[in-house]
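Given next are the chains, with one letter for each unit.
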Protein chains: 2
Amino acid sequence: FVLCCLSGAMTVPDPRQREALMQLEASMQTGGRMLLTDAERRLDDLLFKMKQKEVMRPDFPPAMHFFKARHLIRTSQIFQLLQQMPKGAALHVHDFSMVDVEWLVKNVTYRPHCYMCYTDIASVRFIFSSQLPKPLPRCSPWILLENLRAKLINATELDNSIMGNLTLFTQQDPDTVYPSQDAVWDKFEQAFLAVWGLVTYAPVFRDYYYQGLTEFYMDNVMYLEVRALLPEIYELDGSTHDRTWTLKTYQDVTRQFTAEHPDFFGARIIFTVHRGINISMMTAVVEEAMKLHRDFPDIMAGFDLVGREDKGRSLWYFRDALFLPSERGVTLPFFFHAGETDLEGTEVDQNLLDALLLNTSRIGHGFALLRHPLARSISKKNEVAVEVCPISNQVLKLVKDIRNHPAAVLMSENHPVVISSDDPALFGASGLSYDFYEAFVGFGGLGFHIGSLKALARNSIRYSSLAPNQQEKVLALWQRSWDKFVSENDLF
Amino acid sequence: FVLCCLSGAMTVPDPRQREALMQLEASMQTGGRMLLTDAERRLDDLLFKMKQKEVMRPDFPPAMHFFKARHLIRTSQIFQLLQQMPKGAALHVHDFSMVDVEWLVKNVTYRPHCYMCYTDIASVRFIFSSQLPKPLPRCSPWILLENLRAKLINATELDNSIMGNLTLFTQQDPDTVYPSQDAVWDKFEQAFLAVWGLVTYAPVFRDYYYQGLTEFYMDNVMYLEVRALLPEIYELDGSTHDRTWTLKTYQDVTRQFTAEHPDFFGARIIFTVHRGINISMMTAVVEEAMKLHRDFPDIMAGFDLVGREDKGRSLWYFRDALFLPSERGVTLPFFFHAGETDLEGTEVDQNLLDALLLNTSRIGHGFALLRHPLARSISKKNEVAVEVCPISNQVLKLVKDIRNHPAAVLMSENHPVVISSDDPALFGASGLSYDFYEAFVGFGGLGFHIGSLKALARNSIRYSSLAPNQQEKVLALWQRSWDKFVSENDLF
Ligand SMILES: [Zn+2]
Ligand SMILES: [Zn+2]
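Residues numbered from 1 in each chain as written. Chains lettered and ligands numbered in written order. Predicted model: local features only at pLDDT ≥ 70, side-chain atom pairs only at ≥ 80, totals over all residues. Heavy atoms only, no water.

- Looking at an unreviewed UniProt entry, one finds chain A named adenosine deaminase, with Channa striata as its source organism.
- Per its UniProt entry, chain A bears the Catalytic activity (unreviewed entry) comment "adenosine + H2O + H(+) = inosine + NH4(+)".
- As stated in UniProt under Cofactor (unreviewed entry), the record for chain A gives "Zn(2+)". (UniProt positions renumbered as here; feature names shortened; annotations may be inferred.)

## Quick notes on the coordination of the zinc ion (ligand 2)
Residue and element names in this part refer to chain B.
Okay, step 1: Protein coordination at the zinc ion (ligand 2) comes from His92 (NE2), His94 (NE2), His337 (NE2) and Asp422 (OD), with a distance range of 2.1 to 2.3 Å.
Okay, step 2: Around the zinc ion (ligand 2), the four donor atoms are arranged such that angles at the metal cover 83 to 171 degrees; this shape is classified as irregular.
Okay, step 3: Each donor residue of the zinc ion (ligand 2) belongs to the same chain, and together they define the spacing H-x1-H-x242-H-x84-D. Placement of His337 in strand S10 (residues 335-338) and of Asp422 in the loop between strand S13 (417-419) and helix H20 (433-443) is noted, with a sequence separation of 85 residues between them. (Donors = N, O, S within 2.8 Å, 3.2 Å for Na, K, Ca; no water. Tetrahedral: all angles 85-135°; square planar, octahedral: opposite > 155°, others 65-115°. Helix = DSSP H or I, 4+ residues; strand = E, 2+ residues; numbered from the N terminus.)

## Focus on the pattern of salt bridges
Okay, step 1: Applying the stated rule across the entire model yields 58 salt bridges over all chains.
Okay, step 2: Ionic pairing is found between Asp295 of chain A and Arg294 of chain A, a salt bridge with its closest N-O pair at 3.1 Å.
Okay, step 3: Residue classification places Asp295 of chain A among the partly exposed residues on the basis of a relative accessible area of 38%.
Okay, step 4: For Arg294 of chain A, a relative accessible area of 59% puts it in the exposed group.
Okay, step 5: Here Lys454 of chain B and Glu40 of chain B are joined by a salt bridge, their closest N and O atoms 3.0 Å apart. You can see Lys454 of chain B sitting in helix H21 (residues 450-462) and its partner Glu40 of chain B sitting in helix H3 (residues 38-56), a full 414 residues away along the chain. (Salt bridge = Lys/Arg side-chain N within 4 Å of Asp/Glu carboxyl O. Buried < 20%, exposed > 50% of the residue type's maximum accessible area, 1.4 Å probe, protein only.)

## Looking at the sheet that holds strand S4 (residues 143-144) of chain A
Residue and element names in this part refer to chain A.
Okay, step 1: Across the sheet, three strands lie side by side as S3-S2-S4; this open sheet has antiparallel pairing. Looking along the sheet, the strands with just one partner apiece sit at the ends: strand S3 (124-128) and S4.
Okay, step 2: Where strand S2 (residues 114-118) meets S4, two bridges bridge the pair, whose relative direction is antiparallel. For Met116, the partnering residue across the bridge sits in S4 and is Ile143.
Okay, step 3: Helix-sheet contacts for helix H10 (residues 181-199) involve S2 and S3, and the interaxial angle to S3 is about 15 degrees. (Pairing = 2+ DSSP bridges. Contact = heavy atoms within 4.5 Å. Axes fitted to C-alpha atoms, helices over the stretch in contact; angles between N-to-C directions.)

## A closer look at the interface of chain A and chain B
Okay, step 1: Listed by partner, the interface residues are 63 residues for chain A and 63 residues for chain B.
Okay, step 2: Both faces considered, chain A and chain B share a buried interface measuring about 5400 Å² in area, 61% of it formed by carbon and sulfur atoms.
Okay, step 3: At the surface where chain A touches chain B, the tally comes to eight salt bridges.
Okay, step 4: Counting across the chain A and chain B interface gives 24 residue pairs in polar contact (both at pLDDT 80 or more).
Okay, step 5: Secondary-structure elements contributing two or more residues to the side of chain A that touches chain B are helix H2 (15-27), helix H14 (319-322), helix H15 (324-328), helix H16 (351-357), helix H17 (373-381), helix H19 (406-412) and helix H20 (433-443) of chain A.
Okay, step 6: Looking at which element gives the most residues to the side of chain A that touches chain B, the answer is H17 of chain A, with seven residues.
Okay, step 7: Taken together, the residues of the side of chain A that touches chain B sort by class into 29 nonpolar, 17 polar and 17 charged. (Buried area = accessible area lost by both parts, 1.4 Å probe. Polar contact = N/O pair within 3.5 Å; in protein donor to acceptor, adjacent residues only side chain to side chain. Nonpolar A, V, L, I, M, F, W, Y, C, P; charged D, E, K, R; others polar.)

## Remarks on the side chain of Arg275 of chain B
All names here are of chain B.
Okay, step 1: By secondary structure assignment, the location of Arg275 is in the loop between strand S8 (266-274) and helix H13 (279-295).
Okay, step 2: For the buried Arg275, no salt bridge is present, and the opposite-charge side chain at shortest range is Glu309, 4.9 Å distant.
Okay, step 3: A polar side-chain atom of Arg275 sits 3.4 Å from the main-chain carbonyl oxygen of Leu305.
Okay, step 4: Those residues in contact with Arg275 that sit more than four places away from it in its chain are Leu305, Val306, Gly307, Arg308, Glu309, Gly312, Arg313, Phe318, His337 and Asn351. (Lys, Arg positive; Asp, Glu negative; His and termini not counted.)

Written out as structure tokens, the structure reads:
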């Protein structure tokens, strides 16, 4: 059928042939061949009507910077439906940006023994300590927040200023505040360092992760794969726990949370390391990753590098370390960030191909994949799913209008993709729903429908690191929530 | 070879296999398999070095709005080389935006009998007349420019203000001046109307077209296909000439110019009509187009619709009129604008498929083609080239960063494309070189090379409306200029 019609041209208008071609094209997209129940069809009619209204808005949210669009999205009926929708899994989320920064300020910084200092570049650092901590270089003397707040009539201003240091989100014009990729990445790194002292304190570390699971669970996400640095975690007396302790804590908290929430399936950890380290450090880290993967097969999903690709070292630079597992015949699944760049034709731009040569299980971002037709074919043929994080790519200035995001093209051809949120707290988002909104309304326009959403949710389970029998279980769990969601929104 | 390697993964680092895959991918792009002479290789080395410097700039021109980037581009060595380069043909250029507006102001408005009035929305209108013309509705009384200028000590300010009305280009921040697509299209239409009274005056009409050919010729373009409205042209006494006269005038001036410039090949006209008209008008226009194509086969290349797609009627709306030629077995080649939109999944978004069903010879813009995998396959299989106009798409707010332009993807897979400039005068550009710069540096980054440029120039001849034997002639003429260009820039 495809071949017959690829000649294209008609000699007279033939509405039926045209309709058939339009349907053929529509069927090629993600979820384009999804079978729908009658109730799903009715919900789809509702969604279509909502979308027709949304597309006609002069202030179309996917065309705007997320910081300016967020309040519009929040009042969108489509968004509210997407929040309720069981979205499956979040497969690309980082350890210390899972939780709304308001919780960090209002809960964590109000705990006893919390010290703060101001750096000389107008950021902040934190530490919990039973006694006055040693001063940090390039930072003001430590201030005990308890004492500081006791002196204030109203702590709102202080709290807001702290909050502004923990996220990129701003009420001001984002393009003025962050005029370049360098500027926005600088702030990214400062916010990360500001959060660090709070979340690596043992009691907070547990609570933060629990709270993170809660936020995703409340957003109707049932399973997570968290990219985690597994840092040393400290206690009030300055003593520290090693990486194994950190991983075990993730395991404990996950088990606890799952036990308390039977419709939640769980979480796994992708151990990550910064791409700025040197080769011998990388070799040691890969060795440790292999060991952790052997010792904690349940919780430990695999390995990845983090940090800005454009400024960091390439995968090929670390090839000897990264090929260690396969040379030894040891399994260590990779989930590489690759192609989060618009540097075309440079060494960094080869990360996509190199990730595939390293047999990566998925590709983080893959923003540059469209410009790499060979890498794209391999990714499609081998079902190496692309973890698409639209808001992250927009905030980090790779694309302005979400409609021009390359994943719109990938999804038009049913390339294996999942939608994720990367660092929702840093971007002023939470859970998955905002990114689902951008994907559903921005990538697809009127062309995406409930089949697209179903396919995205199912993809997130299918392309997870879970073993096939576990995937079956998650899928069954998801199907139950999905059916409930559809029937609850069935107004007929 | 492709199949063997699509498995991707290695078990140990194999630099040779990696290199082979990288080269395979590079060979897939436009010009990726072009054979190069030694002199071309040396020029390519030079280009590569220039590009390495260009890519490292913090103010990377393709990432910026063209209005802000223009002065940077002008001083770029790559741009200066591209200006000298024989670029072949300009296949998507509109009749009344070929000539720098400075020429209109400094030459045309200084001619005798030139009247101007100010509209109530702060635009201007012109007319040449032997006596005081009848007043225009919603416009000030007519002012004879000769009289007005005689009263001024210095006309520079007046001339600059007139110039600002004839182009979208501005020294102010373009995103402030044109905050939305609606705003920029409004100004587009006002500028078009302002130019109208100048260029439809018979003596100016001839001179304007001659000057347009000159500007493209000076920019090392050797052949043009001009989309022309073929309007009634008026004389000083108010009498008018019909469409046939206008087409004949194009033919005469083209012949004259070609005779005077033996290394210029010529030009053909694509008759265009606004997509706002009704069906019976469209039927009449298509009838006339068939007649003109029969009577003036040399100059008349075919037919197209113009005007903003998002607000105009769709090709399918006009299907009965547009299928007339094929129903009657009459040849009328189509060169449809299609997919110059980011409205996804709407009726307008079907123009791409409909253009192909109408057997279009090329696609104007095709900005939305990537989101239409079936239309994309048909376009590739049938070699229906896409006329890519990067600066136009950026100024009209379809894409902000040229690196995200869909043609970067099309060219990475050697989709048939040509580069053109649409309305260079309206965008503050001229000829083809600025758009070649955006394509070469922006689409390709470090990955495009002299083979890409050669392929683009050759594409512009191969996908022209010229008969095969004429294409051979142009190609031979182009090859001579190309060899001269390469040897002149051979510094070894
Ligand atoms: Zn990430
Ligand atoms: Zn055009």
